[in-house]
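# Architecture at a glance
Listed here are the chains, written in short residue letters.
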Amino acid sequence: MLPLVVSEIVRETPSIVSIRLAAPDGTALPPWQPGAHVDVQLITRHERQYSLCGDPADAHGYRIAVLREEFSRGGSHYIHSFLRVGSRVWVRPPRNLFTLSDAPAYHLLAAGIGITPILAMARHLAAEDADWRMTYLVRRREDVAFADDLAALGDRVTIHVGAEAGRLDLAELYAGLAPGTAVYACGPQRFVDALDDLARALPGGANLHVERFEPKPREFRPNEAFTVICARSDTTVEVPAERSMLGALHSAGVPVEGSCLRGICGSCEVTVLDGIPEHRDSLTGDDASMMMYPCVSRALSPTLVIDA
Ligand code: FES
């Protein structure tokens, strides 16, 4: 992990602060593209994922934004209450599971703190002179984060204030999109679930890409034990029904990273060489994918062979 320090804290709204992280000696940081996130570990050992919302051209700093959560699992509360300029944090280099694909047109949708990856995408698309629009949903006008950055992006950005305009009709928004539009959305679970549920109403060739803060709510069959053969480590690991595959791999000393442990960050990704994975994460779009996330995913076959 990279040892970084907080170089700036800006209050964006009553409940959101943005934070710039930099190397203590000011050296350049690993590059990133819009949609990327970093895993941030605090001195309290809390580890959380935050989308990068700054400018990729700022090679010496990463900007993230953090919402004060009413039911914080620790990270949000610590950051809002105790993090100061000069505080030390540890950061894994950026990883991008929400990349912009080529499309004739883009519609960016952000709700609340979901503005973070969407803002970086909007800046990029504006610089590329792409055909793009953004809709940003907030409850109250004072909840608009990065107001100056959004104003600089001009009239392609629509801010929908729920307290003034009521609920946004997502079906109507979808119906107004041009065929082939790539829709990128980030926000609270209810918002991305609603977009997912309506995805069949998208015009021809349009597709939806979402980034989630919480795992997709889904039901799975009861856990069963299975065997994992780690080809590179030449190790065989038994995964009991009551343990995660990642936990069993760690106990056996197999080096696989892990951060969110909820199937949303992608840090534990491994390649399946043989066998049938049961994808329980919120990242895999294709059930036949041979990339798997063992913090939550398991096996449909008695044995998996993985590249680890
Ligand atoms: S640790 Fe985050 S997806 Fe597995």
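Residues numbered from 1 in each chain as written. Predicted model: local features only at pLDDT ≥ 70, side-chain atom pairs only at ≥ 80, totals over all residues. Heavy atoms only, no water.

## A look at the nonpolar core
Leu108, Ile115, Ile118, Trp132, Met134, Tyr136 and Leu150 are the most contacted members of the largest nonpolar core, which has 29 residues in total. Secondary structure elements with two or more residues in this core: strand 8 (105–111), helix 2 (115–127), strand 9 (132–138), strand 10 (157–161) and strand 11 (181–187). Residue contributions to this core peak at six residues, all from helix 2. When residues of this core are sorted by domain, at least three fall in each of domain 1 (2–96) and domain 2 (105–212). Each residue touching Leu108, except ones within four places of it in the same chain, is listed here: Ile118, Met121, Ala122, Leu125, Trp132, Arg133, Met134, Thr135 and Tyr184. (Core = buried A, V, L, I, M, F, W, Y, C linked by side-chain atoms within 4.5 Å. Buried < 20%, exposed > 50% of the residue type's maximum accessible area, 1.4 Å probe, protein only. Helix = DSSP H or I, 4+ residues; strand = E, 2+ residues; numbered from the N terminus. Domains from an automatic or database assignment. Contact = heavy atoms within 4.5 Å.)

## Structural notes on the state of the cysteines
Evaluation of the coordinates by the stated rule reveals zero disulfides. A disulfide-free cysteine, Cys53 has its sulfur positioned 11 Å from the sulfur of Cys186, the nearest such atom. (Disulfide = S-S within 2.5 Å.)

## A look at the pattern of salt bridges
All told, the structure shown has 18 salt bridges when counted by the stated rule. Asp58 serves as the salt-bridge partner of Arg20, at 3.1 Å between the closest nitrogen and oxygen. One end of the pair, Arg20, is in strand 2 (residues 16–22); the other, Asp58, is in the loop between strand 4 (47–51) and strand 5 (62–67), and 38 residues separate them in sequence. For Asp58, a relative accessible area of 28% corresponds to the partly exposed category. The partner of Arg232 in a salt bridge is Asp307, and the shortest N-O contact between them spans 2.8 Å. One end of the pair, Arg232, is in the loop between strand 13 (226–230) and strand 14 (235–239); the other, Asp307, is in the segment after strand 19 (303–306), and 75 residues separate them in sequence. A relative accessible area of 62% places Arg232 in the exposed class. Given the relative accessible area of 31%, Asp307 is considered partly exposed. (Salt bridge = Lys/Arg side-chain N within 4 Å of Asp/Glu carboxyl O.)

## Observations regarding the domain arrangement of the protein chain
One can read the domain layout of the protein chain as domain 1 (2–96), domain 2 (105–212) and domain 3 (226–306). A straight line from the C-alpha centre of domain 2 to that of domain 3 covers 33 Å.

## Things to note about helix 2
With 13 residues, helix 2 ought to run about 18 Å at 1.5 Å a step, and its terminal C-alpha atoms sit 18 Å apart, in line with that. Within helix 2, the full set of buried residues consists of Ile115, Thr116, Pro117, Ile118, Leu119, Ala120, Met121, Ala122 and Leu125. Trailing helix 2 by a residue or two, Asp129 shows a phi angle of about 60 degrees, which is positive. (Expected span 1.5 Å × (residues − 1).)

## Some remarks on the pairing of strand 9
Within strand 9, six of the seven residues are buried, which leaves it mostly tucked inside the rest of the structure. Here strand 8 pairs with strand 9 via six bridges, running parallel. Looking across to strand 9, one finds that Leu108 is bridged to Met134. Here strand 9 runs beside strand 10; their pairing, made up of five bridges, is parallel. When the sheet's bridge partners are listed, Val138 is paired in strand 10 with Val161. Assessed by its sense of winding, the connection that carries the chain from strand 9 through helix 3 (residues 147–152) to strand 10 is right-handed. (Pairing = 2+ DSSP bridges. Right-handed = clockwise from strand over helix to strand, strands pointing away.)

## What to know about the sheet that holds strand 8
Spatially, the five strands line up as an open sheet ordered 10-9-8-11-12, and their pairing is parallel. Lying at the two open borders of the sheet, with one neighbouring strand each, are strand 10 and strand 12 (207–212). Within this sheet the neighbouring strands show an average axis-to-axis angle of 15 degrees, counted without direction. Bridge count for strand 8 against strand 11 is six bridges, and the pairing is parallel. Residue Ala110 lies in a different strand from strand 11, and its bridge partner there is Cys186. Of the strands in this sheet, strand 8, strand 9, strand 11 and strand 12 are in contact with helix 2, which crosses strand 8 at around 155 degrees. Contacts between helix 6 (residues 189–197) and the sheet are confined to strand 8, strand 9, strand 11 and strand 12, with strand 12 contributing the most and set at about 160 degrees to the helix. (Axes fitted to C-alpha atoms, helices over the stretch in contact; angles between N-to-C directions.)

## So, the packing of aromatic side chains
Counted according to the given criterion, the structure contains two aromatic pairs. Measuring from centroid to centroid gives 5.6 Å for Tyr78 and Phe82, while their planes differ by 40 degrees, and the two rings are tilted. Highlighted residues: Tyr78 and Phe82, both in helix 1 (residues 75–82), separated by four residues, approximately one helical turn. Overall, the relative accessible area of 17% leaves Tyr78 in the buried class. (Phe/Tyr/Trp six-rings, centres within 6.5 Å; stacked < 30°, edge-to-face > 60°.)

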